[in-house]
Amino acid sequence: MAKKGFIAEFKEFISRGNVMDMAVGVIIGGAFQAIINSLVNDVVMPLISLLTGGLDFSAWKIILGSGENAPVLAYGSFITAVINFLLMALVIFTFIKVMNNLAAKALKKPEEEPAAATTKICPFCKTEISIEASRCPNCTSHLEIE
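Residues numbered from 1 in each chain as written. Predicted model: local features only at pLDDT ≥ 70, side-chain atom pairs only at ≥ 80, totals over all residues. Heavy atoms only, no water.

S.K.: Outline the state of the cysteines, listing residues and values.
M.R.: Here, the word disulfide means a covalent bond between the sulfur atoms of two cysteines. On inspection of all chains with the given rule, the structure shows zero disulfides. Here Cys 139 stays free of any disulfide, with the sulfur of Cys 136 as its closest cysteine sulfur at 3.7 Å. The class for Cys 139 is partly exposed, based on a relative accessible area of 25%. (Disulfide = S-S within 2.5 Å. Buried < 20%, exposed > 50% of the residue type's maximum accessible area, 1.4 Å probe, protein only.)

Okay, here's the thing in structure tokens:
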């Protein structure tokens, strides 16, 4: 088996359909992130601030040291990022759940009604016979037609 060159392997990799799907997903994900960031920063955080009496997470920080260039531990920004992540995960989960439910409904086959019975059991010899039979072909008993 001959080894493929690096360029040939790359062409094979890039020409797969799932790579293009992934690229589209990354681009849409980037745009979606902007929507989630706006949701967190412009809607959720002001509501949290209103409910907590003017609390602003982004201002929470600890200055490590003194002076103008002292390092800052901005844990408020981290809390905002965690809320951002959780909201994004919730929205994506909900979106996927809705899409899966729609796909399941689209693929679901309508249930067929059971077919009418074409045979019955002879009450005398217990063999299976046609539903229309007036006499059992096995034991020759007379049967009532239903």
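After that view of the structure, there is still more to cover.
S.K.: So, the side chain of Ser 141: which residues are in play, and what are the values?
M.R.: Here Ser 141 lies in the segment after strand 4 (128–130). Residue classification places Ser 141 among the buried residues on the basis of a relative accessible area of 17%. For Ser 141, the residues in contact, after removing those within four places along its chain, are Phe 124, Ser 134, Arg 135 and Cys 136. (Helix = DSSP H or I, 4+ residues; strand = E, 2+ residues; numbered from the N terminus. Contact = heavy atoms within 4.5 Å.)

S.K.: An account of the nonpolar core is requested, with residue identities and associated values reported.
M.R.: Among the nonpolar cores identified, the biggest contains eight residues, and these are Ile 36, Val 40, Val 44, Met 45, Phe 57, Ile 83, Leu 87 and Met 88. Of all the secondary structure elements, the ones that give two or more residues to this core are helix 2 (17–51) and helix 3 (75–107). With four residues, helix 2 is the largest single contributor of residues to this core. Excluding its chain neighbours within four sequence positions, the residues that come into contact with Leu 87 are Leu 39, Val 40 and Val 44. (Core = buried A, V, L, I, M, F, W, Y, C linked by side-chain atoms within 4.5 Å.)

S.K.: How would you sum up the packing of aromatic side chains? Please name residues and give values.
M.R.: In the structure shown here, the tally under the stated rule is one aromatic pair. Measuring from ring centre to ring centre gives 5.9 Å for Trp 60 and Tyr 75, while their planes differ by 45 degrees; the resulting arrangement is tilted. Here Trp 60 is found in the loop between helix 2 and strand 1 (62–63), whereas its partner Tyr 75 is found in helix 3, with 15 residues between them in sequence. Trp 60 sits in the partly exposed class, given a relative accessible area of 28%. Given a relative accessible area of 34%, Tyr 75 falls into the partly exposed group. (Phe/Tyr/Trp six-rings, centres within 6.5 Å; stacked < 30°, edge-to-face > 60°.)

S.K.: I'd like a rundown of a nonpolar patch on the surface, residues and numbers included.
M.R.: On the surface, Ile 62, Leu 64, Leu 73, Tyr 75, Phe 78, Val 82, Phe 85 and Leu 86 cluster together to form a nonpolar patch covering roughly 770 Å² of accessible area. The element best represented in the nonpolar patch is helix 3, accounting for five residues. Among the residues examined, Val 82 registers a relative accessible area of 33% and is labelled partly exposed. (Patch = residues over 30% accessible without salt bridge, like charges linked within 9 Å, V, L, I, M, F, W, Y side chains within 5 Å. Areas by Shrake-Rupley, 256 points an atom, 1.4 Å probe, with all protein chains shown as cover. Salt bridge = Lys/Arg side-chain N within 4 Å of Asp/Glu carboxyl O.)

Taken by themselves, the reported measurements are silent on function.
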